[in-house]
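Architecture and fold: a report
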Amino acid sequence: MRYETFKTEQEASQAVATRIAELVSANPRIRLGLPTGSTPLGVYKELIRQHQAGLSFSEAVTFNLDEYLGLSGAHPQSYRYFMETNFFQHIDLPTWNRHLLDGVARYPELECQAYETKIQAQGGINLWFLGIGGNGHIAFNEPGSEVNSRTRIVSLTTETIEANSDGRFFKDPAEVPRCALSVGIGAIREADEIIVLALGEKKADAVFNAIQGPFDISCPASLLQDHANVTFYLDEAAASKLTRA
Ligand code: F6R
């Protein structure tokens, strides 16, 4: 897996935004896979700035990685709400091209299968842009997730519940849904290109395990090691445990 290290969070985010903008300009009908969380905020800000300077998403199609089970898109902590407020409302991506798993679907298993069918019907994902959890999770594929796992209902680990209730999103672990709908690792691996952005010291162990540890389900991000086109974009803190070749 390739990785690039940048001095600051801003520089790493800027580099990811530049790569996404390049791909959107080259292929306006791009199918983009997107994350939520703290990590992508700088990238979305920069893409909004580039949109104001002329970059258009009017033909792009997006699919998000995950959604909390039980939260509707109107809930301020739902990932639908996050995407609308932090990105979609500020660009010209048509509403009908914005795809997210529905956390209140009547039949969540069917919702997951239908989501994969929608991705296939669009021709697959050109680029999945991912964050990474402190325990190495990608999307909500927690340690133990299989390399060929599909989009499904998953249980969140205590570590993830605590990370997401540190005040950035939820204020109390009791408020965090225990389950989510998540695109599987098998589905992520089918993309032409994968970008993982990791920022800050809290991600340093996960980054080390993903890039220089074994290919193993204990670190879900390591299951991208044999993909032909994965790049990690890191700030210095996130790269601090990597040993140089
Ligand atoms: C969210 C997602 C998660 C996050 C990860 C890191 O859509 O897929 O895998 O990328 O939990 O979250 P932050 O960026 O908040 O540290």
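Scroll up for the structure.
The rules behind these values
Residues numbered from 1 in each chain as written. Predicted model: local features only at pLDDT ≥ 70, side-chain atom pairs only at ≥ 80, totals over all residues. Heavy atoms only, no water. Pairing = 2+ DSSP bridges. Helix = DSSP H or I, 4+ residues; strand = E, 2+ residues; numbered from the N terminus. Axes fitted to C-alpha atoms, helices over the stretch in contact; angles between N-to-C directions. Contact = heavy atoms within 4.5 Å. Near = heavy atom within 4 Å. Nonpolar A, V, L, I, M, F, W, Y, C, P; charged D, E, K, R; others polar. Expected span 1.5 Å × (residues − 1).

With that settled, the discussion passes to the sheet that holds strand β7 (residues 152-155). The strands that make up a sheet pair up through hydrogen bonds in the backbone, lying either parallel or antiparallel. Strand order in this open sheet of three strands is β4-β8-β7, and the pairing throughout is antiparallel. Two strands close off the open sheet at either side, each with one partner strand: β4 (66-68) and β7. When the angles between neighbouring strand axes are averaged without regard to direction, this sheet yields 30 degrees. Sheet analysis places β7 next to strand β8 (residues 179-182), joined by four bridges and oriented antiparallel. Across the sheet, Ser155 pairs through a bridge with Cys179, a residue of β8. The sheet contacts of helix α4 (residues 108-121) involve β7 and β8, and relative to β7 the element is tilted by about 120 degrees.

Moving on, we get to the site of the ligand. Of all residues adjacent to the ligand, which total 15 residues, the nearest are Thr39, Asp66, His137, Ala139 and Lys203. Class assignment of the residues belonging to the shell around the ligand gives a composition of five nonpolar, seven polar and three charged.

Read from one edge of the open sheet, seven strands run β1-β10-β9-β6-β2-β3-β5, paired in parallel fashion. Bordering the open sheet on either side are β1 (2-6) and β5 (98-99), each of which pairs with just one other strand. Here β1 runs beside strand β10 (residues 230-235); their pairing, made up of five bridges, is parallel. Each bridged residue has a counterpart across the sheet, and for Thr5 the counterpart in β10 is Leu234. Across the face of the sheet, α4 comes into contact with β3 (61-64), β5 and β6 (127-130) while running at roughly 150 degrees to β3.

Here helix α1 (residues 9-26) spans 26 Å end to end across 18 residues, near enough to the 26 Å set by a 1.5 Å rise per residue. Along its buried surface, α1 packs onto β1, β2 (31-34), α2 (41-52), β6, β9 (193-198) and β10.

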